[in-house]
Amino acid sequence: MDLKLAGKSAIVTGSTAGIGLAIARRLAEEGVAVTITGRSQAKLDAAAAEIGTSVNAVLADPATAEGAAALIAAVPATDILVNNLGIYEAKDFADISDDDWHHLFEVNVVSGARLSRHYFPKMLEQNWGRVIFIASESGLLPPAEMIHYGMTKSAQLSISRGLAEHTRGTGVTVNSVLPGPTRSEGIVDFIRSVVDNKDAPEAEREAEFFTRLRPLSLIKRLIEADEVGAMVAYLASPLAAATNGAALRVEGGMIPTIA
């Protein structure tokens, strides 16, 4: 299927591995001129080599004001902004410090707000654009083992929906994608940290994770990063012009508002 994205430009944050890299790769395959970001030049170079043509690698961390300014200076305008940058950790609620709360909020929430504050008005001016937040099902079903992470994903949904209210009658859309647990860098260690039988084979640990900690999952497996990339590429395309202000789950269905 031709997603009619050839000639568009995109910024994908947190895009040197996992979901971000999969999104950047899928957009590049559709003919999009993609900018990827990261904090490590070596990882940026490796990601750019994997994606191939039509990629611009910018060493910048939008989780800081200085990093966001560096990215904006390098790429003043874009057609598509994918706010993917995010971190997570498992921690008992009583052990989550003030610094933990602030750090996750700064990385997961403020980074996307900073970039949207710059690029979103420009999209409205040109009457076309896409802002996509990579949130999580944890924004709707906060996990007991990482409540602070769930909080940040709920906040992303609020920002996304609020921005969508400003797009009425325009060619701009703002949506959120809510993946369930996705096979990416760090997920194996995370699952081991929260299951009871930490020494079991990987397949058994994964089965225990979904049985005990994610019992509402319909697919009962880790999502592949490319599956998230495919949904984001569709949302970024002109074919998704009627999907706006939506929160779409990659597994388990969607909770959309179609404008």
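On a predicted model such as this, the values are computed, not experimentally measured, just so you know. (Residues numbered from 1 in each chain as written. Predicted model: local features only at pLDDT ≥ 70, side-chain atom pairs only at ≥ 80, totals over all residues. Heavy atoms only, no water.)

Draft legend 1. Fine view of the overall build of the protein chain. On a plain count of helices and strands, the protein chain comes out with 8 helices and 10 strands. Relative to the 2.2 N^0.38 estimate, which gives 18 Å for 259 residues, the radius of gyration of the protein chain is 18 Å and therefore close to what a compact globule would have. The C-alpha extent of the protein chain, read off along each of the three principal axes, is 55 × 40 × 40 Å. For the protein chain, the residues scored as buried account for 50% of the 259 residues in total. Long-range pairs, those at least 24 residues apart, make up 66% of the contacts in the protein chain with a sequence separation of at least 6. Within the structure as shown, the protein chain displays about 11400 Å² of accessible surface, and the carbon and sulfur contribution to it stands at 55%. Between the centroid of the 23 positive side chains of the protein chain and the centroid of its 31 negative side chains there is a distance of 5 Å. (Helix = DSSP H or I, 4+ residues; strand = E, 2+ residues; numbered from the N terminus. Rg over C-alpha atoms; globule rule 2.2 N^0.38 Å. Buried < 20%, exposed > 50% of the residue type's maximum accessible area, 1.4 Å probe, protein only. Contact = heavy atoms within 4.5 Å. Areas by Shrake-Rupley, 256 points an atom, 1.4 Å probe, with all protein chains shown as cover. Lys, Arg positive; Asp, Glu negative; His and termini not counted. Charge placed at Lys NZ, Arg CZ, Asp CG, Glu CD.)

Draft legend 2. The side chain of Thr167, seen in detail. Along the chain, the position of Thr167 falls in the loop between helix 5 (147–164) and strand 6 (172–178). Only 2.6 Å separates the side chain of Thr167 from the backbone oxygen of Ala164, close enough to count as a polar contact. At a separation of 2.7 Å, a polar atom in the side chain of Thr167 contacts the side chain of Asn244. Filtering out sequence-adjacent residues up to four positions away, Thr167 remains in contact with Phe120, Leu124, Val172, Val174 and Asn244. (Polar contact = N/O pair within 3.5 Å; in protein donor to acceptor, adjacent residues only side chain to side chain.)

Draft legend 3. Structural context of the pattern of salt bridges. The tally for this structure, following the rule as stated, stands at 15 salt bridges. Salt-bridge contacts for Glu50 lead to Arg25; the nearest nitrogen and oxygen are separated by 2.5 Å. Here Glu50 is found in helix 2 (residues 41–51), whereas its partner Arg25 is found in helix 1 (residues 18–29), with 25 residues between them in sequence. A salt bridge links Glu137 to Arg214, with the nearest nitrogen and oxygen atoms 3.9 Å apart. (Salt bridge = Lys/Arg side-chain N within 4 Å of Asp/Glu carboxyl O.)

Draft legend 4. Looking closely at the packing of aromatic side chains. Going through the model one piece at a time under the given rule, you end up with 5 aromatic pairs. Relative to Tyr149, the ring of Tyr88 has its centre 6.1 Å away and its plane inclined at 65°; by these criteria the two rings are edge-to-face. Note that Tyr88 is positioned in the loop between strand 4 (80–83) and helix 4 (98–126) and Tyr149 in helix 5, a separation of 61 residues in sequence. Tyr88 sits in the partly exposed class, given a relative accessible area of 32%. Among the residues examined, Tyr149 registers a relative accessible area of 11% and is labelled buried. Here the aromatic rings of Phe209 and Phe210 are separated by 5.3 Å at their centres, their planes lie at 85°, and the arrangement is edge-to-face. The same class applies to Phe209 as to Phe210, namely buried. Across from the ring centre of Trp128, 3.9 Å away, lies the NZ or CZ of Lys8, which sits over that ring. (Phe/Tyr/Trp six-rings, centres within 6.5 Å; stacked < 30°, edge-to-face > 60°. Lys NZ or Arg CZ within 6 Å of the ring centre and 35° of its normal.)

Draft legend 5. Representation of helix 1 within the structure. For helix 1, with 12 residues, the first-to-last C-alpha span of 17 Å sits near the 16 Å given by 1.5 Å per residue. With 9 of 12 residues buried, helix 1 lies mostly within the body of the structure. Taken as a whole, helix 1 has its buried residues at Ile19, Gly20, Leu21, Ala22, Ile23, Ala24, Arg25, Leu27 and Ala28. Downstream of helix 1 by one or two residues, Gly31 has phi in the positive range, about 90°. (Expected span 1.5 Å × (residues − 1).)

Draft legend 6. Highlighting the nonpolar core. Ranked by size, the top nonpolar core spans 34 residues in total, and within it Ile23, Leu27, Val34, Ile36, Ile134 and Val232 carry the most contacts. Those elements that place two or more of their residues in this core are strand 1 (9–12), helix 1, strand 2 (33–38), helix 2, strand 4, strand 5 (129–134) and helix 8 (225–236). Sequence-distant contacts of Leu27, that is, excluding residues within four places in its chain, are made with Leu5, Ala10, Val12, Val32, Val34, Ala233 and Ala236. (Core = buried A, V, L, I, M, F, W, Y, C linked by side-chain atoms within 4.5 Å.)

Draft legend 7. Spotlight on the environment of Arg117. Within the secondary structure layout, Arg117 lies in helix 4. On the basis of relative accessibility, which here comes to 62%, the residue Arg117 falls in the exposed class. Between the C-alpha atoms of Arg117 and Leu163, which are 46 residues apart in sequence, the distance is 9.8 Å.

Draft legend 8. Here's a closer look at the packing of helix 3 (residues 65–74) against helix 4. Running from amino to carboxyl end, helix 3 crosses helix 4 at an angle of 30°, the nearest separation of the two axes being 10 Å. By the criterion of interaxial angle, the relationship of helix 3 to helix 4 is roughly parallel. Helix 3 and helix 4 meet at a crossing whose hand is right-handed. Residues Ala65, Ala68, Leu71 and Ile72 of helix 3 form the contact with helix 4, whose own contacting residues are Arg114, Leu115, His118 and Tyr119. Here the contact of helix 3 with helix 4 is composed, by residue class, of 6 nonpolar, 1 polar and 1 charged. (Axes fitted to C-alpha atoms, helices over the stretch in contact; angles between N-to-C directions. Parallel < 35°, antiparallel > 145°, perpendicular 65-115°, else oblique. Left-handed = near helix turned anticlockwise from the far one by under 90°. Nonpolar A, V, L, I, M, F, W, Y, C, P; charged D, E, K, R; others polar.)

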